[in-house]
Amino acid sequence: MLSSGSSFRALTLKRLDNYKNALKLINPNCCFLFLSAKTLMEETSSFAVSSPSRQFHGDSTISVQEWQSWGTSSPVPSMVSEIVEDLKLLEEESNAQITFGGHGGKIQGELKITEDKKHRAKYQSLKDSEEKIQFFSARQVACRLLGSRGYLCQKCWLPKEDCMCSKIRHCSAWEGMRFWVYMHPKDFLRQNNTGKLLWQIFGVQAASLSIFGIIEHEEIMWNEFMRAGKKNVWCLYPNKDAAANSVQDIFSRDTSTDPEISTMMATHNEIMHFILIDGTWSNSAAMFRRLKDRANLVWKEDLPCISLTTGASAMHKLRPQPSWDRTCTAAAAASLLFELQSVPQLSSFELEEHGEAVEDGLESLLEALTVRRLRRGRSITRKVRHNRDIC
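Parameters and conventions
Residues numbered from 1 in each chain as written. Predicted model: local features only at pLDDT ≥ 70, side-chain atom pairs only at ≥ 80, totals over all residues. Heavy atoms only, no water. UniProt positions renumbered as here; feature names shortened; annotations may be inferred. Patch = residues over 30% accessible without salt bridge, like charges linked within 9 Å, V, L, I, M, F, W, Y side chains within 5 Å. Areas by Shrake-Rupley, 256 points an atom, 1.4 Å probe, with all protein chains shown as cover. Salt bridge = Lys/Arg side-chain N within 4 Å of Asp/Glu carboxyl O. Lys, Arg positive; Asp, Glu negative; His and termini not counted. Charge placed at Lys NZ, Arg CZ, Asp CG, Glu CD. Helix = DSSP H or I, 4+ residues; strand = E, 2+ residues; numbered from the N terminus. Pairing = 2+ DSSP bridges. Contact = heavy atoms within 4.5 Å. Axes fitted to C-alpha atoms, helices over the stretch in contact; angles between N-to-C directions. Buried < 20%, exposed > 50% of the residue type's maximum accessible area, 1.4 Å probe, protein only.

By the naming in an unreviewed UniProt entry, the chain goes by tRNA-uridine aminocarboxypropyltransferase and is assigned to Heracleum sosnowskyi. The chain has a UniProt comment under Catalytic activity (unreviewed entry) that states "a uridine in tRNA + S-adenosyl-L-methionine = a 3-[(3S)-3-amino-3-carboxypropyl]uridine in tRNA + S-methyl-5'-thioadenosine + H(+)".

Here's what the structure looks like:
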């Protein structure tokens, strides 16, 4: 019978073969195909299977510098700061230290039950649904941030030993467009999140984070939309309640009937804003509904939507979508850039090169996550949890 160490090494060798086959399907020229089994097993043996516990350490406040280092240019959300202060007060009252572990900044240890009861009571005391959304989102963000201090890289949101920042190809974004990554709070600091790649590549002014339910973020985003006007704002979402408009439908029609839009696209005197809903497909419906409600309040009309001709992203291997015609946030951004490149008035802005930079970033993220999963003895493929279109 094999010893536990021998069994583990044999299992690692088997997974290495699976890993190589998976990467060949994704990228036949991937450099990770030359990773030796010996090196991989040495790396694997030095890490525990479970994520390390992290304690609530350091200052009980979140500085603007710390907050913005995670990928935003906004001030620190007031409710997030309040929740951090409440957690610190709970520690002082209990004479114990809050411990975080696993994914999503989950509170563990002896204070887990106490804090859970406290935050549930607070949530139930809120009568207004908007207040509940804001409280839920702020608590998610606060716990994820505190649980990631000193553990995750603030740029790529991966554990520091797996940082992929050096592999990102930075691009100067075209000044005539801006991405808004409208993120669900449960995706904030999620390691396999792909929306973060956009501001890593283009910068926070060209690709801005806006977290669902964080009022400071949403107000900044909508102030920009109101300044730009409805004709310059689009949401990338398959809205089944309205006719689907492709990039060609919208821009070819607009430029042929409205000379001002043609001039704007050629000179980028105005900015085109594109909203990318960044969350699971089950959460995206509520996120899109919140955007629609705000659009109707501001413009008395529905939010304009764009449907893309997309294929399955490479990230489908590790984070399956409900169907193969759905894709991840970064892949949707890349598809948009490729399709905008085909619009004659935009063909000189090198948008295709920008799309390729996003695709390269996706491949780098996939490789980093794959190596990490294998090193930790986890599967490199994920079962599809949904087999139907839920949106």
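On the surface, a cluster of negative charge is contributed by Glu350, Glu352, Glu353, Glu356 and Glu359. Tracing the sequence through the fold places glutamate 352 in helix H13 (residues 351-375).

Before going further, it helps to spend a moment on the sheet that holds strand S7 (residues 272-278). Overall, parallel pairing links the five strands, which are arranged S5-S4-S7-S6-S8 in an open sheet. Both outer strands of the open sheet, strand S5 (207-211) and strand S8 (305-306), are each paired with one neighbouring strand and no more. Contacts between helix H11 (residues 281-299) and the sheet are confined to strand S4 (177-183), strand S6 (233-236), S7 and S8, with S7 contributing the most and set at about 145° to the helix.

What follows deals with the pairing of S7. Here S7 lies mainly inside the structure; seven of its seven residues are buried. Burial along S7 is two-sided: Met272, Phe274, Leu276 and Asp278 facing one way and His273, Ile275 and Ile277 facing the other are all buried. In terms of strand pairing, S4 meets S7 through seven bridges, oriented parallel. Bridged to methionine 183 within S7 is aspartate 278. Bridging between S6 and S7 involves four bridges; their strand directions are parallel. Opposite tryptophan 234, over in S7, you have phenylalanine 274 as the bridge partner.

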